[in-house]
There are 2 protein chains.
Amino acid sequence: MHVEELVEMIKARREALQVTQETLAELSGVGLRTLKQFESGKGNPTLLTLQKIADVLGLEVCLKLKNVSRNK
Amino acid sequence: MHVEELVEMIKARREALQVTQETLAELSGVGLRTLKQFESGKGNPTLLTLQKIADVLGLEVCLKLKNVSRNK
DNA sequence: AATAAAAGTGCATTATAGTGCACTATATGA
DNA sequence: TCATATAGTGCACTATAATGCACTTTTATT
């Protein structure tokens, strides 16, 4: 997943749960500014930051085998 | 997945592919020091760094729903 | 349209990730 | 065992992520 997709997934999930950025920031312990930056596609969060955010949304960061076979 | 698990997955994958840290660093464009730090569990890489490393190993960073139901 | 809530942005500061270099430690093979 | 390859670490520096604050823009809602 590219960064944009990860961002979209986080945003979609947050919105689905009807949580505001402000609330998510509080719940996750990540600064509001940081969250805003990330969601607006401007950021390059650290793994820890991403995990904190994902966690609260019931998501988890993982690694999976890429579409094996052929050259993208 | 906790950081340690992600690290283990990267290391296992790198070793399975018989690639040295040095080679992986070169292929991924990530500094050797950074890679060493990450693999030895000392780091908190940025998403971009993690993606660069994962990419070369045929892995991708993703978000997935956590074990729904009940309290971990 | 007016208001209010939520999201986005500029600026400045602090904390820390990324990096190279030199060196140590450990694993591996002859 | 000795040599060599590979992995780990201390130090120092640069780049940038994380953050708060104040303000603007956008998105509902009435």
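The preceding data block contains the structure.
Predicted, not measured: the structure shown is a model, and the values here were computed from it.

Remarks on the overall build of chain A
What chain A contains, in helices and strands, is 4 helices and 1 strand. Secondary structure elements of chain A occur, N-terminal to C-terminal, as α-α-α-α-β. Judged by the C-alpha coordinates and their principal axes, chain A covers about 45 × 20 × 20 Å. The buried share among the 72 residues of chain A stands at 36%. Once local pairs closer than 6 in sequence are excluded, the contacts in chain A between residues at least 24 apart make up 45%. For chain A, the exposed area adds up to about 4,300 Å²; of that, 51% sits on carbon and sulfur atoms. If you average the places of the 11 positive and of the 9 negative side-chain charges in chain A, the two averages end up 7 Å apart.

Some details on the relation of the copies chain B and chain A
Screw-axis analysis of chain B against chain A gives a translation of 0.0 Å along the axis, an RMSD of 0.0 Å, and a rotation angle of 180 degrees. Such a combination of turn and shift is consistent with a two-fold rotation axis. Judged by C-alpha distance, B:Thr46 is the residue of chain B that lies nearest the rotation axis, at 1.9 Å.

Considering the interface of chain B and chain A
Listed as interface residues are 25 residues of chain B and, on the opposing side, 25 residues of chain A. In total, chain B and chain A occlude about 2,700 Å² of area from one another, counting both sides; carbon and sulfur atoms represent 63% of this. The largest per-residue losses of area from chain B upon contact with chain A belong to B:Glu60, B:Leu63 and B:Lys66, which jointly make up 28% of the total buried on that side. Here chain B is connected to chain A by 2 salt bridges. Put simply, B:Lys66 and A:Asp55 hold a salt bridge, and the shortest N to O gap is 3.6 Å. Inspection of the region where chain B meets chain A yields 21 residue pairs in polar contact (both at pLDDT 80 or more). At the level of secondary structure, the elements contributing two or more residues to the side of chain B that touches chain A comprise helix H1 (3-16), helix H4 (47-56) and strand S1 (59-65) of chain B.

Thoughts on the protein's contact with DNA strand D
Neighbouring DNA strand D are 18 residues, the closest being A:Thr49, B:Arg14, B:Gln21, B:Arg33 and B:Lys42. Within the side chain of B:Arg33, an N or O atom sits 2.4 Å from a base oxygen of DNA strand D. Listing elements by their share of the surface near DNA strand D, those giving two or more residues are helix H3 (32-39) of chain A together with helix H3 (32-39) of chain B. In terms of residue count, H3(A) provides more of the surface near DNA strand D than any other element does, 3 residues in total.

Side note on the protein's contact with DNA strand C
Of all residues adjacent to DNA strand C, which total 18 residues, the nearest are A:Arg14, A:Gln21, A:Arg33, A:Lys42 and B:Thr49. Here DNA strand C approaches the protein such that, of its atoms within 4 Å, sugar and phosphate make up 57%. Here a phosphate oxygen of DNA strand C sits 2.6 Å away from a polar atom, N or O, in the side chain of A:Arg14. The separation between a base nitrogen of DNA strand C and a polar side-chain atom of A:Lys36 is 2.9 Å. When contributions to the surface near DNA strand C are tallied by element, the ones reaching two or more residues are H3 of chain A together with H3 of chain B. Of all the elements, H3(B) adds the most residues to the surface near DNA strand C, at 3 residues.

Conventions and cut-offs
- Residues numbered from 1 in each chain as written.
- Chains lettered and ligands numbered in written order.
- Predicted model: local features only at pLDDT ≥ 70, side-chain atom pairs only at ≥ 80, totals over all residues.
- Heavy atoms only, no water.
- Helix = DSSP H or I, 4+ residues; strand = E, 2+ residues; numbered from the N terminus.
- Buried < 20%, exposed > 50% of the residue type's maximum accessible area, 1.4 Å probe, protein only.
- Contact = heavy atoms within 4.5 Å.
- Areas by Shrake-Rupley, 256 points an atom, 1.4 Å probe, with all protein chains shown as cover.
- Lys, Arg positive; Asp, Glu negative; His and termini not counted.
- Charge placed at Lys NZ, Arg CZ, Asp CG, Glu CD.
- Least-squares fit on C-alpha atoms with pLDDT ≥ 70 in both.
- Buried area = accessible area lost by both parts, 1.4 Å probe.
- Salt bridge = Lys/Arg side-chain N within 4 Å of Asp/Glu carboxyl O.
- Polar contact = N/O pair within 3.5 Å; in protein donor to acceptor, adjacent residues only side chain to side chain.
- Near = heavy atom within 4 Å.

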